[in-house]
Amino acid sequence: MAGRRAEAFLGLGFLGIMTTLYLGFQWAPSVAIDAFESPAAQRIFYWHVPAAWAAFIAFAVLFAGSMMWFFKRSPLGWRLHVAGAEAGLACGLITVWSGCVWGAAEWGTPWDWTDVRLNTFGLLTLLALFLVLGRQSQPDGVETRDTFSTFGLYGFILVPFTYIATRIWEIRHPGPVVAAGDDGGSLSGDMTVVLLIGALSFTIFIIGHILMSMRITGLEQRLEQAQNHIDGGN
Amino acid sequence: MAEVLLSIKEVEVRRGMGTVLSAYDLDVFGGDILVITGENGSGKSTVIETAARLLPLEKGHVSHHGHLTHHADGRRLNPIKPFGLTLQSNGVIGSETVEDHLQTVAMLSGVQLNHEPLLESYNMDHRKADVIGHLSGGQARKIAVLTGLIPAMVSASPTLVLLDEPDAGLDDHAIDSLIGQITSLAAAGHGFLIASHNPKIQSIATKLHDLSTTVEGVPNDAKPWTALGTKVQPRNTLFRTGHRYASSTHSGLARNGIVSMMVLGCLLALGDPANLPTGLWTTGAILAPAFASGLVGDPTTHLLRENRAVDWWRAQGQRTPAATGLGLMVGTMVTVAASYVMLGLVDVYLVVIGALMCEFTMKAVRFLNASTQRLSRPNAVFIRLLLPAFILPWALIVSWAAEL
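Quick rundown of the sheet that holds strand E6 (residues 84–86) of chain B? Include the residues and the values.
All names here are of chain B. The six strands lie next to each other as E6-E8-E9-E3-E10-E11, forming an open sheet whose pairing is mixed. Each end of this open sheet is capped by a strand with a single partner; those strands are E6 and strand E11 (214–216). Strand-to-strand twist across the sheet, computed as the mean angle between neighbouring axes with direction ignored, equals 15°. Alignment of E6 against strand E8 (residues 160–164), held across three bridges, turns out to be parallel. If you follow Gly84 over to E8, its bridge partner there is Val161. Its contacts with the sheet put helix H4 (residues 137–153) on E6, E8 and strand E9 (191–195), and the angle it makes with E6 is roughly 165°.

See the structure below:
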């Protein structure tokens, strides 16, 4: 039943993401021609921003799972940690890739190592990649779980740092367009609608991804227990 | 009543996904030869490594000489007195000579030692100047066994000794020597916790322990050991050992130096440095080799992974040998070279910045590597994925240095 729920979330989320892509490219109004160097490329934001939003949800799940494992030895916590890392990697890569596409069109370079927001978000994605690849390289055990949970806990420091980065050091990455505080946003009503559909779709997708990943980790654990049982262990 | 040298109380230890020790208690007193028996995988090594503070505790605590050394809440304190440890893996670095290694072990106990009689007792005196990596498996094991015994051999007061399968790979003569030394040291008040299947070693046990019950063994009537060596004040042992490790393997040159030279060479391959666009680019090109050298990390970190040497050192204290200052040396040399090649002169400010950058980067990479030390396969983990974190600080330093 839980498996079907994960698939339903994934399917619905995927449909929404594709719809966002269509609406972003075909329906959403264009920005003012003098607002950007490459105004058409701005449409990739309808993917980029919701993907970043979903990545932060995944990193929050990673943090919560790491805490639950590290302090409570909760098997559920470890499954959340694994799911959060995998989902964070997926959404992080979408965010970085779409950002690079826009950067190449707008700035003339896909990446700027001197921009704080780009660095901290890139590092979060690398951390997720490290956790995913690292877990696969090690036998499952408390040593492995403790070590990677520690990285999950400390790595989360980057999340608030990434959030405030453009407010403190706006170098290349644009400042906030949603929840911009006193500065106000720069989005029209239609733009906001597409962005909200994107955020909702990515959120549903990430929930499905996390549920699916937790299910797979649970099955891996059951398989290992069965193998240990056959080997005569506890 | 003899002193309690080791006390393990209500300990729970997990390895992999299994609980190996649960509500486990064990005391080792001065004069004890407590031999742990049991099948492979029953937890003998886990007890030894728990006593040596190498394994995290889920519950309970471990004390040496009545002082807390490790607690389930995460506290891990240095023992008040050095203890002997022989791990199942030898825990010694192959590039060390026999005499350097034994002298270092004695120095950790604050003693200068004439180790020749000890080597003679294992027919190893002709090998004292050899590098341990060139010895046979059995000969290297003898050095690992002596490593575990030396803290007791040089001490007049009761010392704890932990030996994990010390007889593995030893010939009959060496086992007889080992038994003679253990009984003699125990008679002098030192306490032994030994994991062994060997019937000869089990035959000298004053207590036999199978992880659930302890039964009395045979009384020990050997002649007491007389402490060896002369007291000295140990100075910078970790620093000296770290630099000896690095220099004996030339790993500072082989790992850090070569990478920095490669970076410099690659930059020069692009053309005449005089044609670099701005001062910023020139400064970056001058500092890049030192930065790359630092990113390779402290060479001792890599060396200490041999034969679980890092675990042996971690058991002795909170810190492990480090080639502190190597980054300053390498960074200075490569930045002098880069500055001369790029500018035609040596810019002292850039040389200082390059040296400091190399040292700090090396330390930071060492910290990252140390954070994965507990993993069962630390070399297989992709910790270097996190190194791009250093790019932004590097870029900021370069832009600051370019304006000097």
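How would you sum up helix H2 (residues 98–108) of chain B? Please name residues and give values.
Residue and element names in this part refer to chain B. With eight of eleven residues buried, H2 lies mostly within the body of the structure. The complete set of buried residues in H2 reads Val98, His101, Leu102, Gln103, Thr104, Val105, Ala106 and Met107. For H2, the secondary structure elements touched by its buried residues are strand E7 (111–112), helix H3 (116–121), H4, helix H7 (237–249) and helix H11 (309–316). Downstream of H2 by one or two residues, Gly110 has phi in the positive range, about 75°.

Hey, could you go over the packing of helix H2 (residues 45–72) of chain A against helix H3 (residues 75–106) of chain A for me, with residue numbers and the actual values?
Residues and elements named next belong to chain A. Between H2 and H3, the least distance of the axes is 7 Å, while the angle of their chain directions is 155°. Classified by the interaxial angle, the pair formed by H2 and H3 is roughly antiparallel. As H2 runs across H3, the sense of the crossing is left-handed. Residue classes in the contact of H2 with H3 are distributed as 22 nonpolar, eleven polar and no charged.

Explain the domain arrangement of chain B residue by residue, including any values.
Residues and elements named next belong to chain B. As assigned here, chain B comprises domain 1 (2–229) and domain 2 (235–401). The C-alpha centroid of domain 2 is placed 37 Å from the C-alpha centroid of domain 1. Contact with domain 1, which involves 25 residues of that partner, is made by 21 residues of domain 2. At the boundary of domain 1 with domain 2, total buried surface from both sides reaches about 2,200 Å², with 53% on carbon and sulfur atoms. Where domain 1 packs against domain 2, one counts three salt bridges. A salt bridge links Arg244 to Glu96; the nearest nitrogen and oxygen atoms lie 2.9 Å apart. Summed over the shared surface of domain 1 and domain 2, the number is ten residue pairs in polar contact (both at pLDDT 80 or more). In terms of residue count, H2 provides more of the side of domain 1 that touches domain 2 than any other element does, four residues in total.

Would you mind going over the interface of chain B and chain A in detail, with residue names and values included?
Contacts between the two partners involve 25 residues from chain B and, on the opposite side, 28 residues from chain A. Summed over both sides, the interface of chain B with chain A buries roughly 2,300 Å², with 67% coming from carbon and sulfur. At the junction of chain B with chain A, the criterion picks out one salt bridge. Note that Glu58(B) is salt-bridged to Arg73(A), the shortest N-O span being 2.8 Å.

Conventions used here
Residues numbered from 1 in each chain as written. Chains lettered and ligands numbered in written order. Predicted model: local features only at pLDDT ≥ 70, side-chain atom pairs only at ≥ 80, totals over all residues. Heavy atoms only, no water. Pairing = 2+ DSSP bridges. Helix = DSSP H or I, 4+ residues; strand = E, 2+ residues; numbered from the N terminus. Axes fitted to C-alpha atoms, helices over the stretch in contact; angles between N-to-C directions. Contact = heavy atoms within 4.5 Å. Buried < 20%, exposed > 50% of the residue type's maximum accessible area, 1.4 Å probe, protein only. Parallel < 35°, antiparallel > 145°, perpendicular 65-115°, else oblique. Left-handed = near helix turned anticlockwise from the far one by under 90°. Nonpolar A, V, L, I, M, F, W, Y, C, P; charged D, E, K, R; others polar. Domains from an automatic or database assignment. Buried area = accessible area lost by both parts, 1.4 Å probe. Salt bridge = Lys/Arg side-chain N within 4 Å of Asp/Glu carboxyl O. Polar contact = N/O pair within 3.5 Å; in protein donor to acceptor, adjacent residues only side chain to side chain.

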